[in-house]
Amino acid sequence: MRFAISLLMFICVASLIGTVLAQNQPANTYIDQFGPYWFELFDHFSIWSVYNSGWFLVIMAFLVVSTTLCVLRNAPKMVRDMRAFKEHVRGGSLKAFPHRVELNSAGAPEHSREQVQGWLQAHGYAVRVRRDEDGSMMVAAKKGSANKLGYIFAHLAIVVICVGGLLDSELPVRLQVWLGGKQPITENMLISQVPDSGRLALGNPSFRANMLVPEGARTASAVINSGEGVLVQPLPFALQLKRFLVEYYSTGMPSSFKSEVEVTDPATGETFERTIQVNEPLRYKGVTVYQSGFDDGGSRLTLAGYPLAGSSSKPFELKGTVGEKAVITAQESPDAQPLTVQFTELRPINVENLSEGDPQPKAMIEHVAAVTGSAANSRNEHLKNVGPSVSYRIIDQQGQAREFVNYMMPVELDGTLVFLAGMRNSPAESFRYVRLPADANRSLKEFMDVRAAAQDPAMVEKAAERFAQRNSSSPEQKELMLAAARTSLQAFTRAGFDGIIGRVPEAERERILSFAVPMIQLTLTELRDLVRQQQGLPELDYSQENNEANRWIQSAVLAFANLPNYPAPVMLTLDSFEQVQASVFQVARSPGMYTVYLGCLFLIIGVFSMFYIRDRRVWVWIRPHEQGSSLMAAMTSQRRNLDFNLEFDRLQEAFKRLSV
């Protein structure tokens, strides 16, 4: 019993962790919350999926075994004790009971027995009489024996609830993998190509799977995550998404979403339509389909690719589909190497709190959980819809892949319209952003033209000459400033600030930057004017310190400082898209739910029996005495509380009346 209580305490602590900590979130969510060190430590205990962790399931199994053995060992004795009247107790032993009463009655022993038995039965006692050869009688009575059922049902409740939890955990699927020859699929393939070893049976007794259905598509299979791969779970019906509906708050956040589906039973040919939404699932043939979220169903994209190397700024067009791959040819790639682009996500709406720093793309359902309350109940000036974004991975010739996210529309940050281009090396990292200034047409064209010009030695030379001409007072100084401006701009556009101070002692870096940065900024101003002059555009006025032209240049300097760290030779920007939405469903067959309900019923019965059914036992020894009879009565109970004392007082008063 002590072992079972210890296990129960472990389960309570683990359940507390699983309740407080959001489960089954992306790894970077926990890294942001706890940091890399604690993430690695906690990851060893699988607290991100505590209810399906191996140690939690083992504790549950041990608790079931331990409590079952306890019930098997003690329940038969309790049942025998409940049924026994214990009428064979010796009369003399009643003197040892603290609650007893002794008296003499004028009536004969049989008459006294009838009176005693009648009173006991009138007060709910079950009675059994033992007659001895010397004419004495032992009247044994009991009531409230069902109190012991409370202990049995309470312990059974623990067993049944834990069994229900095990049935609805990943244990049934894991057993099929360990013992049934099932092998999770780790390769990309169509569901029709999945071998039998990667498919679970249609009659699988328990599972919890996910299903993504694009608009207009039909599916009869769901996917279960198992280890590093997935298993396919066939369903007893086919589900087609007819239409996906979503409503939005004024902030751009979704307020509700639902799916209009058509269900077809292949066994009978029956077809019917239903609407699935949050808290209103579809239940059919023992399977429950929940509205879990929504995602992209294969939206069609048109992107513009800007080279980030060389002296060309001419963009190329790239078409793709979310979830599929496209190829940037060697002719389009600045380094003459073909690149593979895998489009992972289109986000038509991104509601962000830009006051907290750079946005971090996340699932729409996470947006809902984070800001629905503030969006629905109050105006939050920091929440802003920053427009559509596209996420993709670029895979180079060596197979190395990096993730990117680019926003379609410019965002105003620090008073300047900029395009956000994010990158990271793995999902465990947060996105780092390059901010590229938008031009008067809210596009990247002007910055990309200036970037290309910065790679043209002739244009750099002209810009440096104009800078030296405007800022020198003698021919000697002009030559020095020309060389400094040319060298600084070339080094800066090639390697950012490292190109300026990479080999400078740390004590000298601040002094070098104090005159190098203004010189680079002014040279870029001249380069921008040269580009505009070539395009037939007028020069801009930089005389005011904080006007739009100066802010653009300042943003351009920061963009050039960060571009050398951008791990791709091209930047893809979203020109247009045709959205195809998909519903994300969670599909479950959970027989353990009804088992848990049964366990809860047992627990209610057990608690009620233990606390509200009071056990009482009474023995009355009746012996012949002179012309009448002698009576000795004793009462006992497992819990001798105030109610017990009151009932003994009633028994005592009743026996005094019998003696008259």
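Report on the accompanying structure. (Residues numbered from 1 in each chain as written. Predicted model: local features only at pLDDT ≥ 70, side-chain atom pairs only at ≥ 80, totals over all residues. Heavy atoms only, no water.)

Let us now look at the overall build of the chain. Summing up its helical and strand segments, the chain has 16 helices and 25 strands in all. For 660 residues, the compact-globule estimate of 2.2 N^0.38 gives 26 Å, and the chain exceeds it by more than 25% at 41 Å. For the C-alpha atoms alone, the extent of the chain along its principal axes is close to 145 × 65 × 45 Å. Expressed as a percentage of its 660 residues, the buried residues of the chain come to 46%. Nonlocal contacts in the chain, meaning residues at least 24 apart in sequence, comprise 64% of its contacts between residues at least 6 apart. Distance from the positive charge centre (65 side chains) to the negative charge centre (67 side chains) of the chain: 12 Å. (Helix = DSSP H or I, 4+ residues; strand = E, 2+ residues; numbered from the N terminus. Rg over C-alpha atoms; globule rule 2.2 N^0.38 Å. Buried < 20%, exposed > 50% of the residue type's maximum accessible area, 1.4 Å probe, protein only. Contact = heavy atoms within 4.5 Å. Lys, Arg positive; Asp, Glu negative; His and termini not counted. Charge placed at Lys NZ, Arg CZ, Asp CG, Glu CD.)

Our next topic: the nonpolar core. Ranked by size, the top nonpolar core spans 62 residues in total, and within it Leu436 and Tyr566 carry the most contacts. Examining the composition of this core, we find that 8 residues originate from one element, helix α14 (residues 548–562), more than from any other. Not counting residues within four places of it along the chain, the set of residues in contact with Tyr566 comprises Leu308, Tyr392, Phe404, Asn406, Ala421, Met423, Val434 and Met571. With 27 residues, the next largest nonpolar core counts Leu200, Val263, Ile276 and Tyr284 among its residues. (Core = buried A, V, L, I, M, F, W, Y, C linked by side-chain atoms within 4.5 Å.)

Strands sit in the order β1-β25-β24-β3-β2 across an open sheet of 5 strands; the sheet is antiparallel. Here the strands that pair on one side only, and so sit at the sheet edges, are β1 (100–105) and β2 (126–131). Pairwise comparison of adjacent strand axes, ignoring direction, gives a mean angle of 15° for this sheet. Relative to strand β25 (residues 628–636), strand β24 (residues 616–625) runs antiparallel, the two being bridged by 9 bridges. Note that in β25 the partner of Arg623 across the bridge is Ser630. Where helix α16 (residues 642–658) meets the sheet, its contacts fall on β1, β3 (137–143), β24 and β25, and the angle it forms with β25 comes to roughly 175°. (Pairing = 2+ DSSP bridges. Axes fitted to C-alpha atoms, helices over the stretch in contact; angles between N-to-C directions.)

Positionally, Asp439 belongs in the loop between β21 (432–437) and α9 (445–454). The buried charged residue Asp439 lacks any salt bridge, with Lys445 as its nearest oppositely charged partner at 6.9 Å. Of note is the side chain of Asp439, whose polar atom sits 2.7 Å from the side chain of Ser443. Among the polar contacts listed, one links the side chain of Asp439 to the backbone nitrogen of Glu446, at a separation of 3.2 Å. In this structure, Asp439 is in contact with Leu444, Lys445, Glu446 and Trp552, ignoring residues within four places of it in sequence. (Salt bridge = Lys/Arg side-chain N within 4 Å of Asp/Glu carboxyl O. Polar contact = N/O pair within 3.5 Å; in protein donor to acceptor, adjacent residues only side chain to side chain.)

Among the surface-exposed residues, Tyr37, Trp38, Leu41, Phe45 and Trp55 lie close enough to one another that they form a single nonpolar patch of about 540 Å² accessible area. At 3 residues, helix α3 (residues 36–43) tops the list of elements feeding residues into the nonpolar patch. As for its position among the elements, Leu41 is in helix α3. (Patch = residues over 30% accessible without salt bridge, like charges linked within 9 Å, V, L, I, M, F, W, Y side chains within 5 Å. Areas by Shrake-Rupley, 256 points an atom, 1.4 Å probe, with all protein chains shown as cover.)

A word on the packing of aromatic side chains. Using the criterion set out here, one finds 25 aromatic pairs in the structure. Ring geometry for Phe153 and Phe602: centres 5.2 Å apart, planes at 65°, overall edge-to-face. Residue Phe153 is located in helix α6 (residues 147–167), and its partner Phe602 is located in helix α15 (residues 592–612); the two are separated by 449 residues in the primary sequence. Arranged with centres 4.8 Å apart and planes meeting at 70°, the rings of Phe257 and Phe294 form a pair that is edge-to-face. With Phe257 in strand β7 (residues 254–264) and Phe294 in strand β10 (residues 287–296), this residue pair connects regions lying 37 residues apart in the sequence. Considered together, Phe257 and Phe294 belong to a single accessibility category, that of buried residues. (Phe/Tyr/Trp six-rings, centres within 6.5 Å; stacked < 30°, edge-to-face > 60°.)

Defined simply, a disulfide is a covalent bond joining two cysteines at their sulfur atoms. Counted by the stated rule, this structure contains 0 disulfides. Between Cys12, a free cysteine, and Cys162, which holds the nearest cysteine sulfur, the sulfur-to-sulfur gap is 9.6 Å. Residue Cys12 is classed as partly exposed on the basis of its relative accessible area of 46%. Take Cys600: it sits in no disulfide, and the sulfur closest to it among the cysteines is that of Cys162, at 11 Å. (Disulfide = S-S within 2.5 Å.)

The next subject is the pairing of β7. By the bridge criterion, 10 bridges tie strand β6 (residues 229–248) to β7 in an arrangement that is antiparallel. Bridging across to β7, Phe244 finds its partner in Ser259. Pairing of β7 with strand β8 (residues 271–277) involves 7 bridges; the strand directions are antiparallel. The residue of β8 that forms the bridge with Glu260 is Thr275. Hairpin connection between β7 and β8: a loop of 6 residues separates the two successive antiparallel strands, and Gly269 in this loop has a positive phi of roughly 80°.

So, about helix α1 (residues 2–20). End to end, α1 covers 27 Å across 19 residues, agreeing with the expected 27 Å (1.5 Å per residue, within 8%). Listed as buried for α1 are Ala4, Leu7, Ile11, Ala14 and Gly18. An end-on view of α1 places all buried positions within 90° of arc, on one side of the element. Exposed residues on α1 whose side chains face more than 90 degrees from its buried face are Arg2, Met9, Leu16, Thr19 and Val20. Its buried side turned inward, α1 meets α4 (54–83). (Expected span 1.5 Å × (residues − 1). Arc of directions from axis to C-beta.)

With that settled, the discussion passes to the pairing of strand β17 (residues 389–395). Among the 7 residues of β17, 6 are classified as buried, and the element is accordingly described as predominantly covered. Examined bridge by bridge, strand β14 (residues 339–347) and β17 share 7 bridges and lie antiparallel to one another. In the strand pairing of β17, Glu345 is matched with Ser391. In terms of strand pairing, β17 meets strand β18 (residues 401–407) through 7 bridges, oriented antiparallel. Within the sheet, the bridge partner assigned to Arg393 lies in β18 and is Glu403. Hairpin geometry of β17 and β18 is characterised by an intervening segment of 5 residues between the two adjacent antiparallel strands and by a positive phi of about 85° at Gly399.

Let us now look at the packing of helix α13 (residues 506–534) against α14. In the contact formed by α13 and α14, the axes pass within 10 Å of each other and the chain directions differ by 110°. Taken together, α13 and α14 sit at an angle that is classed as roughly perpendicular. For the pair α13 and α14, contact is made by Gln521, Leu524, Thr525 and Arg528 and by Ala549, Trp552, Ile553, Gln554, Val557 and Phe560, respectively. Residue classes in the contact of α13 with α14 are distributed as 6 nonpolar, 3 polar and 1 charged. (Parallel < 35°, antiparallel > 145°, perpendicular 65-115°, else oblique. Nonpolar A, V, L, I, M, F, W, Y, C, P; charged D, E, K, R; others polar.)

The strand order β12-β11-β22 describes an open sheet built from 3 strands, whose pairing is antiparallel. Unpaired on one side and paired on the other, β12 (316–321) and β22 (570–578) mark the two borders of the sheet. Here the strands of the sheet are splayed against their neighbours by 30° on average, with no regard to which way each runs. Sheet topology note: the strand β11 (residues 300–307)/β22 ladder contains 8 bridges and is antiparallel.

The values are spatial; any link to function lies outside them.
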